[in-house]
Amino acid sequence: MSQVQAIIKQAPLLRNRMLRNVLLPLIVTWLCATAVMVGVAKDFTGRVFDRTLLDHAHALAARLQQQDDGTLKLDLDEHEIGNVLYEPVETVMYAILNANGQSVIGAHLEEAFLPSYFQEYRYGFIRYAQKPMRTIALRHSIGDGKYFVVVAHTTQARNHLVQRLMWFGSLPILLMLFPLAIWLWDRIERDLQPLAQLHDALLVRDAKDLSPLTVATTSREVEQVGKALNDLIDRLDRNIATQREFAGNVAHELRTPLAGIKAMAEFGLVGQDPAVQREQLSQIVSSTERAARLVNQLLDLAMLDEDQVALHIVDVDLADLVRQTVLRHLDKADSQGVDLGAQGLDESEAQGCWVQADSALLTGLLDNLIDNALRYGGHTVTVAVNVNPRTRMCSVSVEDDGPGIPASVRTAMMQRSTQGSDGELLGQGAGLGLFLVARYARLLGSHLQLDSGEGGRGLKASVWLPLVRRQ
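Remember, predicted model here, so these are calculated numbers, not experimental data.

Undergrad: Explanation requested: the side chain of Ser462 in the structure shown.
TA: As for its position among the elements, Ser462 is in strand β14 (residues 459–466). Residue classification places Ser462 among the buried positions, given a relative accessible area of 6%. Discounting residues that sit within four places of it in the chain, Ser462 has contacts with Val396, Ser397, His447, Leu448 and Gln449.

Undergrad: Would you mind showing me how to read the state of the cysteines here?
TA: A covalent bond between the sulfur atoms of two cysteines is referred to as a disulfide. Within this structure, the stated rule accounts for one disulfide. Note on cysteine connectivity: Cys353 is disulfide-linked to Cys394, with sulfurs 2.2 Å apart. Between Cys353 and Cys394, the S-S torsion sits near -80°, and that sign places the bridge as left-handed. Of this pair, Cys353 sits in the loop between α9 (345–351) and β10 (354–358) while Cys394 sits in strand β12 (residues 393–400), and the two are 41 residues apart along the sequence. The class for Cys353 is buried, based on a relative accessible area of 1%.

Undergrad: Explain unusual backbone geometry here, please?
TA: Across residues other than glycine, the phi torsion is negative in most instances, and most of the peptide bonds are trans. Positive phi values are uncommon outside glycine, yet Ala129 reaches one of about 55°. Relative to the helices and strands, Ala129 is located in the loop between β5 (121–128) and β6 (131–142).

Undergrad: Mind showing me how you'd approach the sheet that holds strand β4 (residues 103–106) here?
TA: The strands making up a sheet are joined through hydrogen bonds of the backbone, oriented either antiparallel or parallel. The strand order β4-β3-β7-β6-β5 describes an open sheet built from five strands, whose pairing is antiparallel. The outermost strands of the open sheet, each flanked by one partner alone, are β4 and β5. Looking at each pair of strands side by side, their axes are set apart by 30° on average, direction ignored. Note that β6 and strand β7 (residues 145–154) share 10 bridges and pair antiparallel.

Undergrad: Looking at this structure, how should I read the sheet that holds β12?
TA: One open sheet accounts for five strands, arranged β9-β11-β12-β14-β13; its pairing is mixed. Looking at the sheet topology across the chains shown, the edges are occupied by β9 (339–343) and β13 (448–452). Going across the sheet, the axis of each strand differs from the next one's by a mean of 20°, ignoring polarity. Note: β9 against strand β11 (residues 380–388), five bridges, orientation parallel. Bridged to Gln343 within β11 is Ala384. Across the sheet, helix α8 (residues 318–335) touches β9, β11 and β12, and the angle it forms with β9 is around 170°. Along the sheet face, helix α10 (residues 359–376) touches β9, β11, β12, β13 and β14 and points at about 25° away from the line of β12.

Undergrad: Can you walk me through the pairing of β5 in this structure?
TA: For a regular strand, the rule is simple: side chains alternate between the two faces of the sheet. The pairing of β5 with β6 spans eight bridges and is classified as antiparallel. Looking across to β6, one finds that Gly124 is bridged to Thr135. Two successive antiparallel strands, β5 and β6, enclose a turn made up of two residues, where Ala129 displays a positive phi of approximately 55°.

Undergrad: Sorry if this is basic, but what is going on with the environment of Glu454 here?
TA: Looking at the element boundaries, Glu454 is found in the loop between β13 and β14. Glu454 gets classed as exposed once you look at its relative accessible area, which sits at 72%. Between the alpha carbons of Glu454 and Glu399 there is a distance of 8.3 Å; along the sequence they are 55 residues apart.

Undergrad: Explanation requested: the pattern of salt bridges in the structure shown.
TA: When their charged atoms lie close together, side chains carrying opposite charge are able to pair. Going through the model one piece at a time under the given rule, you end up with 11 salt bridges. In this structure, Arg51 and Asp55 form a salt bridge, with 3.8 Å as the shortest nitrogen-oxygen distance. One end of the pair is Arg51 and the other is Asp55, both in helix α2 (residues 14–62) and four residues apart, which spans about a single turn. With relative accessibility at 51%, the residue Arg51 sits in the exposed group. Overall, the relative accessible area of 40% leaves Asp55 in the partly exposed class. Between Arg63 and Asp75 there is a salt bridge whose closest N-O contact spans 3.7 Å. Of this pair, Arg63 sits in the loop between α2 and β1 (64–66) while Asp75 sits in the loop between β2 (72–74) and α3 (78–84), placing them 12 residues apart in sequence. On the basis of relative accessibility, which here comes to 32%, the residue Asp75 falls in the partly exposed class.

Undergrad: Any chance you could explain the confidence of the model for the chain here in plain terms?
TA: Reading fine detail from the predicted coordinates is not recommended where pLDDT is low. Per-residue pLDDT for the chain averages 78, and the proportion of residues at 70 or more is 80%. Taken together, the stretch residues 417–431 has pLDDT below 50 and engages in 29 contacts with residues farther than four places along the chain or on a different chain.

Undergrad: What is the right way to look at the packing of aromatic side chains in this model?
TA: To describe a pair of aromatic rings, one takes the distance between the centres and the angle between the planes. Inspection of every chain in the model, using the stated rule, returns two aromatic pairs. With centroids separated by 5.7 Å and ring planes inclined at 80°, the aromatic side chains of Tyr121 and Tyr123 adopt a geometry described as edge-to-face. Judged by relative accessible area, Tyr121 falls into the partly exposed class, the value being 31%. According to the relative accessible area criterion, Tyr123 is partly exposed, its value standing at 24%.

Undergrad: Explanation requested: the nonpolar core in the structure shown.
TA: General note: in soluble globular proteins, nonpolar side chains tend to be found buried as a group. Counting 44 residues, the largest nonpolar core has Leu318, Val322, Leu365 and Leu448 as the members making the most contacts within it. Elements represented by at least two residues in this core include exactly α8, β10, α10, β11, β12, α13 (433–443), β13 and β14. Counting residues per element, this core draws most heavily on α10, at eight residues. The contact partners of Leu318, leaving out residues within four places of it in the chain, are Cys353, Val355, Leu362, Val385, Cys394, Ser395 and Val396. Counting 20 residues, the second largest nonpolar core, distinct from the first, contains Leu60, Leu76, Leu138 and Tyr147.

Undergrad: Would you explain the packing of α8 against α10 in this entry?
TA: What describes two packed helices is the angle between their axes and the distance between those same axes. Running from N to C, α8 and α10 point in directions that differ by 40°, and their axes come no closer than 10 Å. Note on packing geometry: the crossing formed by α8 with α10 is right-handed. Residue-level inspection shows Leu318, Leu321, Val322, Thr325, Arg328, His329, Lys332 and Ala333 of α8 in contact with α10, the latter providing Ser359, Leu362, Thr363, Leu366, Asp367, Ile370, Asp371, Leu374 and Arg375. Split by residue class, the contact of α8 with α10 holds eight nonpolar, four polar and five charged.

Undergrad: Explanation requested: helix α4 (residues 156–191) in the structure shown.
TA: Residues three or four positions apart in an α-helix share a direction because the helix packs 3.6 residues into each turn. Here α4 is 36 residues long and its end C-alpha atoms lie 52 Å apart, about the 52 Å a rise of 1.5 Å per residue gives. Residues of α4 that are buried make contact with α2, β6 and β7.

Cut-offs used in this document
Residues numbered from 1 in each chain as written. Predicted model: local features only at pLDDT ≥ 70, side-chain atom pairs only at ≥ 80, totals over all residues. Heavy atoms only, no water. Helix = DSSP H or I, 4+ residues; strand = E, 2+ residues; numbered from the N terminus. Buried < 20%, exposed > 50% of the residue type's maximum accessible area, 1.4 Å probe, protein only. Contact = heavy atoms within 4.5 Å. Disulfide = S-S within 2.5 Å. Pairing = 2+ DSSP bridges. Axes fitted to C-alpha atoms, helices over the stretch in contact; angles between N-to-C directions. Salt bridge = Lys/Arg side-chain N within 4 Å of Asp/Glu carboxyl O. pLDDT = per-residue confidence, 0-100. Phe/Tyr/Trp six-rings, centres within 6.5 Å; stacked < 30°, edge-to-face > 60°. Core = buried A, V, L, I, M, F, W, Y, C linked by side-chain atoms within 4.5 Å. Left-handed = near helix turned anticlockwise from the far one by under 90°. Nonpolar A, V, L, I, M, F, W, Y, C, P; charged D, E, K, R; others polar. Expected span 1.5 Å × (residues − 1).

Quick look at the structure:
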């Protein structure tokens with residue numbers, strides 16, 4: 001079993017986690033509420049029973065008398081005492097203690113908690129005859145004597161009442177949790193059903209099927225998951241289509257130059273004339289350059305299609321960049337008998353023609369425009385830089401005096417794999433040069449503009465960029 005499958009097997013079900021996350025706080029809340037309810041029940045029940053104890057103590061104190069010899073007497077017989085201290089369930093004890101806490105009348109309840117000097121009475125718990133008892137000690141004065149009337153009874157009735165209150169209060173709530181758990185289980189199962197359906201649909205789907213998934217819109221979360229999956233599938237579909245198109249372009253476009261190179265090499269090997277062999281080698285070099293340029297264009301196109309171009313925007317001196325680019329193409333222009341020059345560089349430098357752009361992307365844009373002009377233009381190619389202080393824009397343009405491009409097809413020429421008639425006639429290019437330039441311009445926040453050259457002859461390709469204020 002793979003590691004991913006082991007993780008999936010060990011991971012808990014979302015349904016169980018949701019149910020646990022809901023029921024566990026409810027159970028904890030129920031336990032806390034039960035504890036609070038028990039405390040409240042004990043307090044109110046104790047108040048009722050303690051009030052009975054206080055009444056018993058006052059009843060006994062009212063019948064307490066001091067005889068002539070100074071002794072105390074309780075003016076009640078045993079039957080009357082039983083009536084005064086009557087409790088149907090509890091065992092009731094009483095005692096009269098002197099000021100020293102010693103029992104004078106009744107049971108020996110010396111362990112009872114006596115009130116302090118500022119208290120009239122005091123409650124407490126003691127154990128008498130191995131039984132827990134609730135006591136009250138009431139301060140009472142007869143003449144000059146100070147006494148304490150103590151009454152104690154067992155706690156069976158009060159504990160029983162507290163238990164009944166607890167069960168009758170908490171048990172119904174506990175019983176209600178069971179149907180709540182069943183209802184939550186059913187609702188969670190039903191709400192998670194679209195995820196299960198999505199899981200099943202992904203399991204049975206063929207790897208080549210990149211059509212959008214059908215997702216039930218039962219909730220916003222499920223809808224968002226489905227949308228994210230469909231977006232991912234769409235991106236995969238585009239990437240696969242781009243890779244297939246790239247492979248097809250490479251196979252289609254490189255087949256002709258490679259076959260030509262092979263044929264010229266074979267012809268050169270057979271021939272004995274050095275002049276013919278030199279001509280074949282020259283053609284091989286030319287075809288190799290064309291193949292290398294085509295490969296570079298296809299790679300640039302693949303990177304653009306896959307959004308792999310990471311822009312590094314910096315301040316660029318456009319005049320200096322144009323000057324270096326023109327110098328780099330001078331040798332090629334001289335070999336082809338083309339007059340390659342530049343205009344407006346000194347004026348642009350004087351005015352400060354700085355733009356924010358990716359220098360590599362801007363260089364690639366100029367390289368493609370100059371290369372196209374050298375291939376398909378006439379005998380003169382001019383690279384010009386113009387600054388418009390009013391609009392704070394700067395343009396760079398490449399103009400030739402060749403046959404140009406008719407206005408009706410200029411827009412189409414900026415589409416992929418669209419090749420002009422001159423390119424088809426010469427058997428050069430793959431219709432990617434102007435398309436790449438247009439994409440580069442869009443990445444730089446501009447656009448490629450195609451116009452006729454001076455006097456209506458040739459082609460002028462321009463790109464406008466905003467100026468940057470510099471100290």
